[in-house]
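# Fold and geometry: a report
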Amino acid sequence: MYSNGRRMTETAQSHLRNIAIVAHVDHGKTSLVDAMLRYSRVFRPDQQVDELIMDSDPQERERGITILAKNTGIRYGDATINIIDTPGHADFSGEVERVVNMADGCLLVVDAVEGPMPQTRYVLRVALQQGLRPILVINKIDRPTADVPAAQSAVQDLFLELATDPDQLDFPVLYTSARNQYALAEETDTPKDMGPLFDAIVERVPPPVADPNAPLQMLVAALDYDNHLGQIAVGRVSRGRIAKDEQVVLLGQDDSAAPYRVERLFTFRDLARHAIESASAGEIVALSGLRGVRIGDTVASPTAPEPLERMKVEEPTVRMTFSVNTLPFSGREGQYATSRMLWDRLQRELQTNVALRVERTDSADEFLVSGRGELHLSVLIEKMRREGIEFQVSRPEAVTRVIDGRLHEPYELLFLETRDDFIGPVTQELSARLAQMMDMQSDGSGNVRLEFRLPTRGLIGFQSFFMRAARGNGQMSTEFTGMEPVSGEVKPERAEAIVSAESGVAVTYGLQNAQERGETFVEPQTPVYQGMIVGRHNRERDMDLNVCKERKMTNMRSATQEIVERLAPAVRFSLEEALGFVNDDELVEVTPQSIRMRKRILNPDERYRVNRARAKATR
Ligand SMILES: Nc1nc2c(ncn2[C@@H]2O[C@H](COP(=O)(O)OP(=O)(O)OP(=O)(O)O)[C@@H](O)[C@H]2O)c(=O)[nH]1
Ligand SMILES: [Mg+2]
């Protein structure tokens, strides 16, 4: 069996290529996978095909970004090319760290207009440290403002800086338009199809080299779920063979080892899983039958249960609490989650969300959840709310750490692209957030690129501000640079809250009163509770106000005179905006239907008593 298997394996490996696609956000990774899938004729020519087919998660479609790394397998001639599409947003860097171990090569995609950006450097470093053979793909060459030579030479500098092995400097360069579905080996070639990119992959990425006769070892790099099969573990067989019905052991965290049978085995072909009987070292497979499996576990032969090293994932930078909904409305709009249910749900998330951390706190109803940025956490919040769960979260804060006896906090570089009309308000806001400007470049036609250095603490809530301030004419990205001693105080310009003084139903008259003092967040006829934040006060202090108060109707004449009641429409916050708005003494209440903000202490008298006591204590 083995001698036979060995010959078969060697042939199979030489036909196999495993590549990861990495880049800065929006440089065209998923579009490139679309173009490759189309070229390999997954879709019949006359078939209508969705764009960004790999971005299958609803939040990926809505937000227009890739959130989860995903696999597909494409046939090209005799070759099978396993492709791993990864996210380019810095908050999902953990996804890149999770999957690079499955690849032997990578396509580094760079936008021909933007050139290398912060996350280009980050993902290239991760890929090169893993020893991947790179192919540089200069994409979007169809864009009128493309500057291919500039982009290419900037990436070349990056390679010189980051290569861990001189061989990595000898990389092919392809020029592509993923949108128009062509790739060129030379910039001056005539556009035809994606063939040149496939040829480069087959010629330049080495096939997987591994021993198919050693005892089985496979690192679980991804998890999937199937209603019939249950949990599906995905990984690259790094040693030996794996077969359907075979006995394996699952080596988990804390040295646990549990025996299982491989119930079903698959490879990836196009957009589907393709059932197979066996696979050998070098192949990327999916298997069912393992229970309680986590990413980072090893599937091994019972004869040699040796775990592989778990993938290295960097530390979180941002954290917030997730807590049980303690509000008067709890359970009305969603499934009321007990602390046990919330804890279990967060534990389940840890099975796949490798860069996430969850800890208990002093309170049984509150958990500390840490991730790689606000978006990393808000995507999780949104996912849980769509599952029907109700809960509350706190304002995000930077994760601090004591190093050599001193409190340190994360620092980041912030890169902004916007129109020069917005430089003023943006730099003013950033200086209140402890940012230092490092660089500013104008292109002469009104576009500007700005670079700042600031603590992660100052960055919290900035994205919402920036999007509003630049009226959508902006892009931002960040790069974590390291931990530095804490200094300075962030003073974001937040006006304070208008807080509902009563529980009841907001009415026009009450909201009009509120609008004389600021903006309001609720429409008339909205149920409100005492302690709920219903508006933004113009002054720098909170105000409790009864928005349920009706006009006194005793004087009929004056009431009819003022019958024309003017009310500005309510300001609606997205989840991210709400997270950026709340202070430490407030929470965001999340239900499947609503995002509300509240004071932690609902009762105004009690709240003022506590605040006074606190102010006294710090004096
Ligand atoms: N003009 C032009 N636009 C492109 C090209 N490739 C991608 N785009 C556009 O660029 C945007 C981002 O493309 P995606 O493929 O989602 O980028 P991505 O790298 O997968 O983004 P993330 O996964 O979120 O990091 C989309 O609007 C694409 O239509 C191209 O070759 N030419
Ligand atoms: Mg993508």
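Residues numbered from 1 in each chain as written. Chains lettered and ligands numbered in written order. Predicted model: local features only at pLDDT ≥ 70, side-chain atom pairs only at ≥ 80, totals over all residues.

Here we come to the overall build of the protein. Within the protein, the regular secondary structure consists of 16 helices and 36 strands. On the principal axes, the C-alpha backbone points of the protein span a range of 95 × 60 × 60 Å. When each of the 619 residues of the protein is scored for burial, the buried share is 43%. Considering only contacts in the protein between residues 6 or more positions apart, those separated by 24 or more positions represent 72%. (Helix = DSSP H or I, 4+ residues; strand = E, 2+ residues; numbered from the N terminus. Buried ≥ 20, exposed ≤ 12 C-beta atoms within 10 Å, placed from the backbone. Contact = placed C-beta atoms within 7 Å.)

A rise of 1.5 Å per residue sets the reference length of helix α6 (residues 148–162), with its 15 residues, at 21 Å; its end C-alpha atoms lie 21 Å apart and thus fit the reference within 8%. Regarding α6, the residues found buried are Ala 151, Val 155 and Leu 158. Down the axis of α6, the buried set is contained in an arc of 50°. They therefore lie on one face. Facing away from the buried side of α6, by more than 90 degrees, are the exposed residues Pro 149, Ala 150, Ser 153, Asp 157 and Leu 160. Elements that come into contact with the buried residues of α6 comprise β4 (105–111), α5 (118–129) and β5 (133–139). (Expected span 1.5 Å × (residues − 1). Arc of directions from axis to C-beta.)

This part is about the site of ligand 1. Around ligand 1, a shell composed of 21 residues is seen, among which Gly 28, Ser 31, Ile 65, Thr 66 and Gly 88 lie nearest. Partitioned by chemical class, the residues of the shell around ligand 1 number six nonpolar, nine polar and six charged. (Near = placed C-beta within 6 Å. Nonpolar A, V, L, I, M, F, W, Y, C, P; charged D, E, K, R; others polar.)

Strands sit in the order β12-β11-β17-β8-β9-β16-β13-β14 across an open sheet of eight strands; the sheet is antiparallel. Whereas interior strands pair on both sides, the edge strands pair on one side only; in this sheet they are β12 (257–261) and β14 (272–275). Here the strands of the sheet are splayed against their neighbours by 40° on average, with no regard to which way each runs. By the bridge criterion, three bridges tie strand β8 (residues 217–226) to strand β17 (residues 298–300) in an arrangement that is antiparallel. Counterpart to Gln 217 in the pairing with β17 is Ala 300. (Pairing = 2+ DSSP bridges. Axes fitted to C-alpha atoms, helices over the stretch in contact; angles between N-to-C directions.)

Of all hydrophobic cores here, the largest spans 87 residues; its most connected members are Ile 19, Ala 20, Ile 21, Leu 108 and Ala 127. Counting residues per element, this core draws most heavily on α5, which supplies six residues. Each of domain 1 (13–209) and domain 2 (211–300) gives at least three residues to this core. Every residue in contact with Ala 127, bar those within four places of it in the chain, is listed here: Ala 20, Val 22, Val 100, Cys 106, Leu 132 and Pro 134. By size, the runner-up hydrophobic cluster in this structure holds 43 residues, among which are Val 324, Leu 377, Phe 391 and Val 399. (Core = buried A, V, L, I, M, F, W, Y, C linked by C-beta atoms within 7 Å. Domains from an automatic or database assignment.)

Here we come to α5. Its 12 residues place the ends of α5 17 Å apart at the C-alpha level, agreeing with the 16 Å of an ideal helix rising 1.5 Å per residue. With nine of 12 residues buried, α5 lies mostly within the body of the structure. Among all positions of α5, only Pro 118, Gln 119, Thr 120, Tyr 122, Val 123, Leu 124, Val 126, Ala 127 and Leu 128 are buried. Gly 131, located one to two residues past α5, shows a positive phi value of around 85°.

Overall, mixed pairing links the seven strands, which are arranged β2-β3-β1-β4-β5-β6-β7 in an open sheet. Each having just a single partner strand, β2 (70–76) and β7 (182–184) make up the two edges of the open sheet. On average, each strand axis in the sheet is tilted by 30° relative to the strand beside it, whichever way the strands run. Taken together, the seven bridges between β2 and strand β3 (residues 79–85) define a ladder with antiparallel strand orientation. Bridged to Lys 70 within β3 is Asp 85. Here α6 sits on the sheet in contact with β4, β5 and β6 (173–177), set at roughly 155° to β5.

What follows is about the environment of Gln 129. Topologically, Gln 129 is positioned in helix α5. Here Gln 129 falls in the exposed class, since 12 other C-beta atoms lie within 10 Å of it. Separated by 288 residues in sequence, Gln 129 and Glu 417 have C-alpha atoms that sit 30 Å apart.

The topology assignment puts Phe 573 in the loop between α14 (556–561) and α15 (575–581). For Phe 573 and Leu 414, which are 159 residues apart along the polypeptide, the C-alpha to C-alpha distance reads 24 Å.

The phi dihedral of Lys 140 falls on the positive side, at around 65°, and the residue is not glycine. On the secondary structure map, Lys 140 appears in the loop between β5 and α6. You can call Lys 140 buried: it has 25 C-beta atoms within 10 Å. One non-glycine residue, Gln 525, lies in the positive phi region at around 75°. Note that Gln 525 resides in the loop between β31 (518–520) and β32 (527–528). Gln 525 gets classed as exposed once you count the C-beta atoms within 10 Å, which come to 9.

On the secondary structure map, Val 547 appears in the loop between β34 (543–545) and α14. Since 29 C-beta atoms lie within 10 Å of it, Val 547 is described here as buried. Separated by 223 residues in the primary sequence, Val 547 and Val 324 have C-alpha atoms spaced 27 Å apart. Contacts of Val 547, omitting those with residues within four sequence positions, involve Ser 500, Ala 506, Gly 510, Leu 511, Ala 514, Val 528 and Val 534.

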